[in-house]
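Observations on chain architecture
Spelled out, the chains give:
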Amino acid sequence: MGFRLVSHAATGLAAVMSLPVNPARDHAPTVTLTSDAAQHPRVFAAAFNSGDPRALAAVYETGAVFAPRPGTAVTGADLRAANAAFQSLGVPITVRTRHAYVAGDLALLVVDWVLDGPGADGRPVHLEGTATDVARRGGDGLWRYVIDNPFGTAR
């Protein structure tokens with residue numbers, strides 16, 4: 001189960017259950033993480049656009065937090081389900097890193113993003129925002145999201 005976009009507002013998105021399970025995707029995720037914090041949003045976009053939920057999960061640390069709409073934070077299986085809801089829209093994401101502030105093994109990433117085009121059901125989809133995200137460099141030298149807040153400071 002998952003979500004399909006019905007409508008959206010500037011402060012979030014309304015959804016209904018309907019993501020089918022795809023057993024053909026039971027393979028290792030195909031995502032290449034980066035050692036450059038400023039490039040991590042592009043890694044996220046490539047994983048998102050792959051349509052593979054496992055590839056998308058690989059760009060997050062275990063225990064990461066995702067805010068699928070302002071005022072809501074999810075982790076674990078709920079994080080994966082919320083990301084699957086966005087992927088199920090069937091629209092690729094484009095990202096532009098506006099700022100990358102790095103302090104040791106932590107990075108604050110400010111990222112403009114857009115989902116725009118016909119959705120999986122043929123209806124137009126347009127979502128956009130400026131994310132405020134936190135990533136951490138792991139012991140392997142590669143960056144992963146710790147906090148993914150796609151709507152930034154929206155209400």
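Rules used throughout
- Residues numbered from 1 in each chain as written.
- Predicted model: local features only at pLDDT ≥ 70, side-chain atom pairs only at ≥ 80, totals over all residues.
- Heavy atoms only, no water.
- Helix = DSSP H or I, 4+ residues; strand = E, 2+ residues; numbered from the N terminus.
- Buried < 20%, exposed > 50% of the residue type's maximum accessible area, 1.4 Å probe, protein only.
- Pairing = 2+ DSSP bridges.
- Axes fitted to C-alpha atoms, helices over the stretch in contact; angles between N-to-C directions.
- Contact = heavy atoms within 4.5 Å.
- Salt bridge = Lys/Arg side-chain N within 4 Å of Asp/Glu carboxyl O.
- Core = buried A, V, L, I, M, F, W, Y, C linked by side-chain atoms within 4.5 Å.

Now for the environment of Thr153. With respect to the secondary-structure elements, Thr153 resides in the segment after β8 (143-148). Looking at Thr153, the relative accessible area reads 77%, which means it is exposed. Sequence-wise, Thr153 and Thr132 are 21 residues apart; in three dimensions their C-alpha atoms are separated by 7.7 Å.

If you trace the six strands from one edge of the open sheet to the other, you get β4-β3-β8-β7-β6-β5, paired in mixed fashion. What marks the edges here is a single partner per strand, and that holds for β4 (72-75) and β5 (93-103). Taking each pair of neighbouring strands and ignoring which way they run, the sheet shows an average axis angle of 30°. Where β5 meets strand β6 (residues 106-118), ten bridges bridge the pair, whose relative direction is antiparallel. When the sheet's bridge partners are listed, Thr94 is paired in β6 with Val114. Against the sheet, helix α1 (residues 40-50) touches β3 (60-69), β5, β6 and β8, its axis set at about 150° to β5. Sheet contacts for helix α3 (residues 76-87): β3, β4, β6 and β7 (124-137); angle to β3, the most-contacted strand, approximately 50°.

The next thing to look at is the pattern of salt bridges. In total, this model carries six salt bridges according to the counting rule given. Across the salt bridge formed by Asp121 and Arg123, the nearest N and O atoms sit 2.8 Å from each other. Put simply, Arg96, Arg98 and Asp112 are held in one network by salt bridges that share partners.

What follows deals with the nonpolar core. Phe44, Val59, Tyr60, Phe86 and Leu115 are the most contacted members of the largest nonpolar core, which has 32 residues in total. If near-sequence neighbours (up to four positions away) are discounted, Phe44 is found in contact with Leu56, Val59, Tyr60, Ile93, Tyr145 and Asp148.

Taken residue by residue, α1 has His40, Pro41, Val43, Phe44, Ala45, Ala47 and Phe48 as its buried positions. The inward-facing, buried residues of α1 abut α2 (53-57), β3, α3, β5, β6 and β8. Gly51 sits one or two residues past α1 and shows a positive phi near 80°.

Along the chain, Ala73 falls in strand β4. The class for Ala73 is exposed, based on a relative accessible area of 59%. For Ala73 and Asp148, which are 75 residues apart along the polypeptide, the C-alpha to C-alpha distance reads 9.3 Å. Each residue touching Ala73, except ones within four places of it in the same chain, is listed here: Val65, Phe66 and Ala67.

Scope: geometric values only; no functional claims are made or implied.
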